[in-house]
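Summary of structural features
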Amino acid sequence: MKLIACCFLICCSLYSIIPTKPNYTQTDPLKESIVRGREIYNDFCMSCHLPSGKGVEKVYPPLAKSDYLQSERIASIKAIKFGLTGRIVVNDKIYNGTMMPLGLSDDEVADVMNYITNAWGNKNDKIITEDEVAKIKK
């Protein structure tokens, strides 16, 4: 019995000094949102704004290097959540069209916003959350 107890203590002592692996299971919520947002973009947005995010001049505004996305956070969220009709200026060019509501949930709107504000030369470290989107009303 003493031998078993000694072995147990030795094993416990050795286990405590064995280096452990870093925890790679921690996740980055922004990166995860961007991944989900890319899928949503491909399904709902790419046909107008193109895979490059450059849009179609005079028809669909660019999302790539978009000053509008960077300076008009709430208006951009509203456009995705509720659609958009009327005149906007993006990168000093006027667009006067209609974007129909896409029927996305608040979490999907947040994900696609996180993707497009971090793709094609855009940079946004402040994550857009489902809660933020839910607070935005028409």
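Every value quoted in this text rests on a predicted model; they were computed, and no experiment measured them. (Residues numbered from 1 in each chain as written. Predicted model: local features only at pLDDT ≥ 70, side-chain atom pairs only at ≥ 80, totals over all residues. Heavy atoms only, no water.)

Some words on the confidence of the model for the chain
Stated formally: What pLDDT reports is the predictor's confidence in each residue, on a scale of 0 through 100. The contact criterion used is simple: two residues touch if any of their non-hydrogen atoms lie within 4.5 Å.
With 81% of its residues at a pLDDT of 70 or more, the chain has an overall mean of 88. A low-confidence stretch, residues 14-25 stays under pLDDT 50, and its non-local contacts, those more than four residues away or across chains, total zero contacts.

Here's the deal with the pattern of salt bridges
Applied cut-off: By salt bridge we mean one thing: a side-chain nitrogen of Lys or Arg within 4 Å of a carboxyl oxygen of Asp or Glu. Each helix corresponds to a stretch of at least 4 residues labelled H or I by DSSP, and each strand to a stretch of at least 2 residues labelled E; elements are numbered beginning at the N terminus. For each residue, the accessible area found with a 1.4 Å probe, counting protein chains only, is set against the maximum for its type, and the residue is called buried under 20%, exposed over 50%, and partly exposed in between.
The final tally for this structure, using the stated rule, is six salt bridges. Notably, a salt bridge pairs R36 with D111, separated by 2.8 Å at the nearest N-O pair. In this pair, R36 sits in helix 2 (residues 29-49) while D111 sits in helix 5 (residues 106-116), placing the two residues 75 residues apart along the sequence. Judged by relative accessible area, D111 falls into the buried class, the value being 6%. Among the ionic pairs, K123 bridges to D125, the shortest N-O distance being 3.1 Å. Comparing K123 with D125 shows no difference in burial state: the two are exposed.

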